Amino acid sequence: MESKITRILRTAAVVLAAASASACNGEEPGSESVALRLMQTTLSFGNAASSQNIAYKASGRPYIDGDCSWASCEVSSMESGGGVITVSVMKNEEFVQRTATFTVKLVLTGESAVFTVSQQPGDMVDAGLATQEPGIVSNDATAFLAGFGMGYNLGNHFDSHDRGMICDYNGDGVEEWWDGGTPSAATYKTLYSRGFHSIRIPVTWSKHMGPAPDYAIDPAFLDLVAQNVLWARDAGFRVIVNMHHDDASSWDKDGNKVFQNWLDVESAAADGAKKAEISDRYAKVWRQIAERFRDEGDYLMLECFNEVNDGGWGWSRSFRSDPTAQTSILNEWLQLFVDTVRSTGGGNATRWLGVSGYCANPAFVMDYIELPYDSVPGRLAVAIHDYDPSSYTIGDGDYPQWGHTAKTGPSEDEQTYIATVKALYDKFIVNNIPVYAGEAGCKNKSGEIPIAFKKYYLEYTWRAFTAYGMPLFLWDGGTESVQGDAHGFMSHNTGDYINSVTRDYVEAIYRAVYTPKSDDYSLKTIYNNAPRLD
């Protein structure tokens, strides 16, 4: 049993401990207890760095608990019965309002109180044309294009070839596809559910084509292409079928051309007999394709060719010395394409047709294309390809970043990009001629920073074209590889995202295409939320 002396000593120790704790917390022993109370429970800041004070009442010195990287708090003064807490915030360089909550506590009494700090968004940068979404004209061109939504390419599938012939790397006579995919009806349904509402199915016809004079296309291959077109139709897509790598060429490491497929504009420009031979073949191939699809509805478009050029992509000596020697032939082939398709009748008599120009390069198309005469007015759409700047998006370009916040990127940025978009709009859309980018996108990137910049590039560029009423078709080779010019977003087997990174890319494009303009979302907000390396 505890003795009386022991009880007295233990009580004295508790009193002394309490007095000591009270002194440590700013309390005077024997002073009247004051309940913890904050004179304010909310503080609002502008977006600049600044400080504000909150007065408090308490019988001791409080401590402040809160996890926040942009705001800090300290007890800046204290007197009997209360004091002042100073709250300091850093400049807000983000473009969203931010908030944080802090808890004020007294150890001795266990009391606590909460206050909230909020800060206004940073100021948006107005970068002129690069951040503007203009009101676009209302005409037949914009009405037609509005139905395309997000566009998609089943790339590296039917366009696969090995120097113009089938890919048969195993030597067993069975055709192989660059994408390794086997699309099915389910593939197209899933693609559509992810927001893609139009699809371009590129086809290289040469590998399944017989000799002169008929150049007969293998019916089994034509049926396989048609089956995919019908699957896409049934899933809800608008569909484009084209003539793709029939114009392909390849070069060795010394710059010598080692392969040129049959749609050869350089030879046609140099030799009249060769031009006549190629033109005859072009018309006969397109007649077969058109007749196979003559009874399909307006959901289907046919597109003249892919990226016809002499292999120099506009930089060859022959092209630069006299561009029209080659571009005039392309214009003749455009007329031949339109006349041939229209002559097959049925749905082709009024079907929308896609026409393009040299390399499908926007600048060359704007400079040199001559729209062919069409017996049905207002049924031609101009196709371009958009990989600007190519040093960032395709080939062996190794820039990891793009845009006005990039530290290691090409000189062409948002200002350069939007100038091309507006030029296309002014030349074609304003004059009631639809324009679409039949291919667009960016090669696969690896690493956190390159991935962030690619996501930004995709969202900005898709929003830019959307703001001017023009759709883009994402080039997707269906591969995860990050080597060379590999593009992969969706599986060509399942139709779903290849992985979580490609999901983020596609969701960024989805936002850009389908989100209405508002104070919270626009080309300006995308621009101002570009990745920052500071």
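The structure reproduced in this document is the subject of the present report.

Topic: the pattern of salt bridges
Per the counting criterion, the structure on display carries 20 salt bridges. Across the salt bridge formed by Arg 342 and Asp 374, the nearest N and O atoms sit 2.9 Å from each other. Taken together, the residues span a long stretch of sequence, with Arg 342 in helix H8 (residues 323-343) and Asp 374 in the loop between helix H9 (362-368) and strand S16 (380-386) at a distance of 32 residues. Exposure class is identical for Arg 342 and Asp 374. Each is buried. Between Arg 511 and Glu 459 there is a salt bridge, and its shortest N-O distance comes to 3.2 Å. A residue pair is termed long-range when its members are at least 10 positions apart, and Arg 511 in helix H13 (residues 500-514) and Glu 459 in helix H12 (residues 448-467) qualify at 52 residues. Arg 511 gets classed as partly exposed once you look at its relative accessible area, which sits at 30%. Residue Glu 459 is classed as buried on the basis of its relative accessible area, which comes to 10%.

Observations concerning the environment of Glu 133
Among the structural elements, Glu 133 can be located in the loop between strand S8 (112-119) and helix H2 (140-145). When its relative accessible area of 15% is taken as the criterion, Glu 133 is described as buried. C-alpha of Glu 133 to C-alpha of Phe 465: the two residues are 332 residues apart in sequence and 9.9 Å apart in space. Setting aside its immediate chain neighbours within four residues, Glu 133 contacts Arg 463, Ala 467, Lys 517, Ser 522 and Leu 523.

Some thoughts on the pairing of strand S13 (residues 257-260)
The side chains of a regular strand alternate, residue by residue, between the two faces of the sheet. Direction of pairing for strand S12 (residues 249-251) relative to S13: antiparallel, over a ladder of three bridges. Bridging from a neighbouring strand, Ser 250 pairs with Phe 259 of S13. Taken together, S12 and the strand that follows it, S13, pair antiparallel across an intervening segment of five residues, in which Gly 255 is found at a positive phi of about 85 degrees.

Comments concerning the nonpolar core
Judged by nonpolar contacts, the single largest core of 114 residues is most densely connected at Trp 205, Val 239, Tyr 282, Trp 333, Phe 337 and Tyr 460. Ranked by residue count, the leading element in this core is H12, at nine residues. Those residues in contact with Val 239 that lie beyond four places of it in its chain are Ile 199, Ile 201, Val 229, Ala 232, Arg 233, Tyr 299, Leu 300 and Met 301. One finds Trp 70, Val 87, Val 89 and Ala 113 within the second-largest nonpolar core, a separate group that totals 21 residues.

A closer look at the pairing of strand S6 (residues 82-89)
Where burial is concerned, most of S6 is hidden: six out of the eight residues are buried. Pairing geometry for strand S3 (residues 50-57) and S6, over eight bridges, is antiparallel. Each residue of the ladder has a partner; that of Ser 51, found in S6, is Ser 88. The pairing of strand S5 (residues 71-79) with S6 spans eight bridges and is antiparallel. Bridge assignment links Cys 73 to a residue of S6, and that residue is Val 87.

Focus on the sheet that holds S5
One open sheet accounts for four strands, arranged S1-S3-S6-S5; its pairing is antiparallel. If you trace the sheet from one side to the other, it starts and ends with strand S1 (37-38) and S5, each paired once. Both S1 and S3 contribute to a ladder of two bridges, which runs antiparallel. Looking across to S3, one finds that Leu 38 is bridged to Tyr 56.

What to know about the side chain of Glu 296
Locating Glu 296 in the fold gives a position in the loop between helix H6 (272-292) and strand S14 (300-303). Residue classification places Glu 296 among the buried positions, given a relative accessible area of 18%. Polar side-chain contacts of Glu 296 include one of 3.3 Å to the side chain of Arg 233. With residues up to four places along the chain from it excluded, the contact list for Glu 296 reads Leu 230, Arg 233, Gly 347 and Arg 351.

What counts, and at which threshold
- Numbering of residues begins from 1 in every chain and follows the order in which that chain's sequence is written.
- The predicted origin of the model limits local features to residues at a pLDDT of at least 70 and limits the giving and counting of side-chain atom pairs to 80 or more, whereas totals for whole chains, interfaces and linings rest on all residues.
- Values reported for side chains reflect all heavy atoms of the structure, with hydrogen atoms and water molecules removed beforehand.
- Whenever Lys or Arg places a side-chain nitrogen within 4 Å of a carboxyl oxygen from Asp or Glu, that contact is recorded as a salt bridge.
- Under the DSSP-based scheme used, a helix requires at least four consecutive residues in state H or I and a strand at least two consecutive residues in state E, with every element numbered from the N terminus.
- Summary of the burial criterion: residues with accessible area below 20% of their type's maximum are buried, those above 50% are exposed, and those between are partly exposed, where the area comes from a 1.4 Å probe applied to protein chains only.
- It only takes one pair of heavy atoms within 4.5 Å for two residues to be counted as in contact.
- When DSSP locates at least two bridges between a pair of strands, those strands are taken to pair.
- By convention a nonpolar core is built from buried Ala, Val, Leu, Ile, Met, Phe, Trp, Tyr and Cys residues, the set being connected through side-chain atoms within 4.5 Å.
- Polar contact is defined as a pair of N or O atoms within 3.5 Å, subject to the rule that within protein one atom must be able to donate a hydrogen and the other to accept it, and that residues adjacent in sequence are counted only when both atoms are side-chain atoms.

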